Every structure is written in C-alpha cells, then in structure tokens.
Amino acid sequence: MADKDSTSPKPFRVIVIGAGIVGLSLSHALQLANIEHVVLEKHDKIVSIKGAALIVWPAVARIFDQFGILDRITKTTAPVENSYKRWPDGSLICRDDTMQTVSRLFKIPSILFDRQTCVSHLYEGLPDKSKIHTSRRLERIEQTDTGVRVHLADGSIEEGDMVIGADGVHSHVRKLMWDYADKFEPGSIPEIDKEVMSFGEYRGLFGVSTAPDNAQLGNSNTHMILGQDVTMLLFSQMDKAMWGVTFKDEFQKAEHKGKATEAEIEAVAERFADLPMTNNITLGDMTADLGMGANIAVESAIHLCNILHREFASNPTRRISTPDLAALFAEYQAGRYARAKEYVETSGKLTRMNSHQSYFDHFFAGYLHKYIMQSGGKALIESLSVAPKLDYAPTRTIDESAEGWHWMETQEMRKGKKGVWFKYMVLTSIVGVTAAYMARAGLPALLMQLNV
Ligand SMILES: Cc1cc2nc3c(=O)[nH]c(=O)nc-3n(C[C@H](O)[C@H](O)[C@H](O)COP(=O)(O)OP(=O)(O)OC[C@H]3O[C@@H](n4cnc5c(N)ncnc54)[C@H](O)[C@@H]3O)c2cc1C
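Residues numbered from 1 in each chain as written. Predicted model: local features only at pLDDT ≥ 70, side-chain atom pairs only at ≥ 80, totals over all residues.

Take the pairing of strand β8 (residues 138-143) next. Note: β8 against strand β9 (residues 148-152), five bridges, orientation antiparallel. Bridging across to β9, L138 finds its partner in L152. Where β8 folds back on β9, the antiparallel hairpin that results is connected by four residues. (Pairing = 2+ DSSP bridges. Helix = DSSP H or I, 4+ residues; strand = E, 2+ residues; numbered from the N terminus.)

Ranked by internal contacts, the top residues of the largest apolar core, which has 82 residues, are L26, F64, A301 and C305. A per-element tally of this core places helix α9 (residues 293-312) first, with nine residues. Ignoring anything within four residues of it in the chain, the contact list for F64 reads V56, I69, L70 and I73. (Core = buried A, V, L, I, M, F, W, Y, C linked by C-beta atoms within 7 Å. Buried ≥ 20, exposed ≤ 12 C-beta atoms within 10 Å, placed from the backbone. Contact = placed C-beta atoms within 7 Å.)

For helix α5 (residues 115-124), the full list of buried residues reads R115, T117, C118, V119, H121 and L122. Tucked into the core, α5 has its buried residues touching α1 (21-32), β3 (53-56), α3 (70-76) and β6 (111-114).

Taken together, three strands build an open sheet; the order of strands is β8-β9-β10 and the sheet is antiparallel. A strand with exactly one partner marks an edge of an open sheet, and here the two such strands are β8 and β10 (157-160). Adjacent strand axes in the sheet meet at a mean angle of 20°, parallel and antiparallel pairs treated alike. Relative to β10, β9 is paired through four bridges, and the arrangement is antiparallel. Looking at the pairing, H151 lines up with I157 of β10. (Axes fitted to C-alpha atoms, helices over the stretch in contact; angles between N-to-C directions.)

Moving on, we come to the sheet that holds strand β5 (residues 92-95). The strand order across the open sheet formed by six strands is β5-β4-β13-β14-β15-β12, and the pairing between neighbours is mixed. If you trace the sheet from one side to the other, it starts and ends with β5 and β12 (203-210), each paired once. Taken pair by pair, the neighbouring strands of this sheet meet at an average axis angle of 15°, ignoring direction. Bridge count between strand β14 (residues 230-237) and strand β15 (residues 240-247): eight bridges; the pairing is antiparallel. Residue pairing in the sheet places T231 in a bridge with T246 of β15.

At N34, a position not held by glycine, the phi torsion is positive, near 65°. Note that N34 resides in the loop between α1 and β2 (36-40). On the basis of neighbour counts, which here come to 13 C-beta atoms within 10 Å, the residue N34 falls in the partly exposed class. Backbone geometry places K107, a non-glycine residue, at a positive phi of 55°. Relative to the assigned elements, K107 resides in the loop between α4 (98-106) and β6.

Quick look at the confidence of the model for the protein now. Detailed reading of predicted coordinates is not advised where the pLDDT is low. With 78% of its residues at a pLDDT of at least 70, the protein reaches an overall mean of 82. Low pLDDT, under 50, characterises residues 424-452; the stretch is placed with 10 contacts to residues that sit more than four places away or in other chains. (pLDDT = per-residue confidence, 0-100.)

Here we take up α1. Taking 1.5 Å per residue, 12 residues should reach 16 Å; α1 reaches 17 Å between its end C-alpha atoms and fits that length. In terms of burial, α1 is largely enclosed, as 10 of its 12 residues are buried. Residues I21, V22, G23, L24, S25, L26, S27, H28, A29 and L30 constitute the buried set of α1. A positive phi of about 65° marks N34, the residue just after α1. (Expected span 1.5 Å × (residues − 1).)

Attention now goes to the environment of C118. Its location among the elements puts C118 in helix α5. C118 gets classed as buried once you count the C-beta atoms within 10 Å, which come to 25. Sequence separation between C118 and A53 is 65 residues; the distance between their C-alpha atoms is 9.8 Å. The contacts of C118, once residues within four sequence positions are left out, are I21, L54 and F113.

Another point: the packing of helix α2 (residues 58-67) against α9. Where α2 meets α9, the axes come as close as 9 Å, and the angle between the chain directions of the two elements is 50°. Taken as axis vectors, α2 and α9 run oblique relative to one another. For the pair α2 and α9, the crossing hand works out as left-handed. Taken together, the residues of α9 that come into contact with α2 (itself represented by A59, V60 and I63) are N295, V298, E299 and I302. In the contact of α2 with α9, the residues fall into five nonpolar, one polar and one charged. (Parallel < 35°, antiparallel > 145°, perpendicular 65-115°, else oblique. Left-handed = near helix turned anticlockwise from the far one by under 90°. Nonpolar A, V, L, I, M, F, W, Y, C, P; charged D, E, K, R; others polar.)

Right, let's talk about the packing of α1 against α5 for a bit. Where α1 meets α5, the closest approach of the two axes is 9 Å, and the angle between their N-to-C directions is 20°. It follows from the interaxial angle that α1 and α5 lie roughly parallel. The hand of the α1/α5 crossing is left-handed. Between α1, through I21, L24, S25 and H28, and α5, the contact on the second element is made entirely by R115, C118, V119, L122 and Y123.

Shown next, in the form of structure tokens:
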C-alpha cells in the first residue's frame, strides 16, 4: 500500500488477479472510470471449457447494460419459460414463477446461460482487451514502501497500488492476505474464518452437456429436484442442458477439502447416475443449488469501482496514504457486508432445506414452500431493487422506470393500499358472515339492506 504523499509520477494502478466473471467486470468498470489497471489470468485462454449454469438477475443485468453487453446477451439466450420443483422420483411438487415475476417487474428477460457464455460476452464487450493478460499466474504479493509488487510464475513482476483478488473460490490472493495478516497482526484473522473456506458440509458436481434427444426439456426451463441429502438442478437453454448435484456425505470431511480429483468426480457421477431428474431422464443421461455467487460478486466489484472512481477519476495521479486506503477498504466492506451475509445465509438455509436436513425442512420444502413462495419472491425483488449500479455510466437499453426498480420507494404506498385492502377484506368478510348467518336465520330483508 502506498505511503503518505500528495502526488505521484504515475497514475493510481490496480492489479486484478483472475479474468473470470468478476475480473472481467472489474476491468470494464475500471475502463469506464478511466482507472489504470491490468488483469492477470493464469490460463492461456479467457473462455475455458469449465463452468456451470448461471442466472443473471436484473441488478447485474443492469450493470451489464451499462457495459453495453445486455442487448446481445438477451438476443442470444432464451428467457426462462417455466421453473419446476420436483420430488426425488422426478414427479412434480409445484411450479415456481419467481423468475417470470421478477422479469415482468423489472422489464428484463430472465437470463439463464452457462459461465463460459457469460465470460465470453464480458470479454468480447470490453472496450480495451489489452488490459487482460493470459498465462500469468500469481505466485506472491510483496508490499513495498510505495505500493504492491505482484510476482508471477513466469518470473515477471507487476507493480501497482492495489491488488484485487478475483481468482475464484479457492483464491490464492485471499490466502496471501491471510498469511500477511498473520505475520503482522497475529490472530487478526480468526481460525474459524479460514476453516469456513476449507471445510464444506456439501459437495457438488456440475456440468454442461448437449440436451439428450429424449429429454423434452423445452427451450429454457429449470428443474430443482429435492431429496434426502441430495439436491439436483437441471436447466435447459436452447440445445444445452446444465445440471448439478449437491450432496452431503463422507466427502464433507476436511481431508477431502478443495478441488476433487478426476477419480472422485467419476465416482460421484457413477453414484448418482440413476437418480431421476424429470419424468423422462436421469442424471446418467447427461454426460447446486441456485447460486447468487457471481451476481453478488459483480455487485461488490461495482461498489468498489464506484469508490475508486470517486477518489481517482478526476485526479488519477493523486497519491493516497495507507490509512486513507484502509478507510476506503473499510467503506467498501461496510457497504457490502450485510448484503453478502444475507445471501450466504439464505443460500445455506435453502441448501439444507432442499436436501431435507430435518423433518421441518422436508415438510417446508415439499409442502409449505409453494404456499409462501410469493413472500420469498418479494424479498428477492426488494433486494434487487436496492442493488448498486455504476454511479458514473448510463444504462443503455433497460427501462429504469419499470416497477421493480422503484419497489422500495413505493413500499409505503403499498402498505397504505394494503391497509385499505385489508380493511376492505375484513369489512366484506364481516358483512358476508353476518349476511350468511342472518340468511340462515331467515332475515332476508336485513340481508338485502346490508348488501346495498
Ligand atoms: C452449479 C453452479 C451454479 C451456479 N449458479 C449461479 C447463478 O445462478 N448465479 C450466480 O450468481 N452464481 C452462480 N454460481 C456461482 C458462480 O459461478 C461463481 O460465483 C462465479 O463463477 C465466480 O466468478 P469469479 O470470477 O469470482 O471466479 P471464477 O469464475 O472462478 O474465475 C476466477 C479466475 O481466476 C483465475 N485464477 C485463479 N487463480 C489464479 C492465479 N493464481 N493467478 C491468476 N489467475 C488465477 C482462474 O483461472 C479464473 O479464470 C454457480 C456456481 C455453480 C457451481
């Protein structure tokens, strides 16, 4: 981190590690903010073959619109038509129209595609691709008196003022940060925080395949198959089938943490191959629980870029002191912590509920959920309506006057209306019950009067 000084011969420079969904979003946002940066990717290609299904909700769709890539995305994907919840034998529990409701309220088609397609759109849409460097794997980060020095596996070095880790769930940047914190402030990162990242109660196998001929999956549908200790997802998008199985068992033990071996992957695929996914197909016909990870991470990237834009856009060579930089990070964390925590906790609860971890979970997921789906949908709409966007770039194609974006503003009005509606309901019920009672009691004259 930089030391106290008022000017610098070089502009403030950010080093982003990882060119996935988040790294590429950061690059686009930093380019729009005119902030000097480089993105370092360890692979030799940006678009890898690995990936899983991804749903982009309106909050991030709006950011993608600010990047100018939303139009192409919506023109090349089929909006989700139906979402189904199924019992372990593949039979139907209920349909869930949350995505369609959200889409209608925000006037944005529901976007379902795979990670590779998302990465490809983000990369192709960059104003300047030269900021992205492939075959450059981070090894270590050195803090100097004037900034940070990033050492790469090929022996090269990048220098800058800030490193942003966008290197995925097994982040090397996070590990280096923890090591650094342990060295200079022992105990500042609680062990439990580290364990959370290395110990998973659940594991998953995910993939993208060509949809089997007999599957009748439709153009764009989602299926969630609930079960004891196992939840499966199956999404169709044109000719692709994106599928996943999340399970809880002996693989959860700590010694199995991190990436699975090929043999483990094969063993898991074989084990679940016969599980039905719909009435027509099983998992074996293909060669997670619904995640919000990418959506939340892109929002976080945008929140950070808004802060950096405010601080450096008008004065790129301003030198920032270490305490001031720490204050920016604290501001970033304060702005994101509660929201990220809420999503993580909700996701954890859903995983447990859908894999029937208790009788209540089983009952709730299977029987009760369909009746209170609407309130869950409302919570999602509320949350999407207050999501951040870039403060410094216009939207291009979306209609921000759509009801969804103003959901919270109109809450009070809704409450008021709800009150009137509620009073109306109570009143009509009283009238109805009284009328019925009196009709039974043979008082038609009074009944007539009341109905007037
Ligand atoms: C089945 C499934 C379904 C999901 N569904 C959704 C969904 O519907 N909605 C949603 O929002 N999220 C979803 N997620 C989560 C989402 O896929 C991830 O949150 C998202 O891909 C994370 O993006 P990222 O850019 O942070 O990391 P990644 O996509 O993992 O990219 C990290 C990049 O960093 C590079 N890298 C790693 N280490 C180094 C290094 N040392 N040096 C240089 N480069 C490095 C990697 O090569 C990679 O390119 C789902 C996940 C799964 C598994």
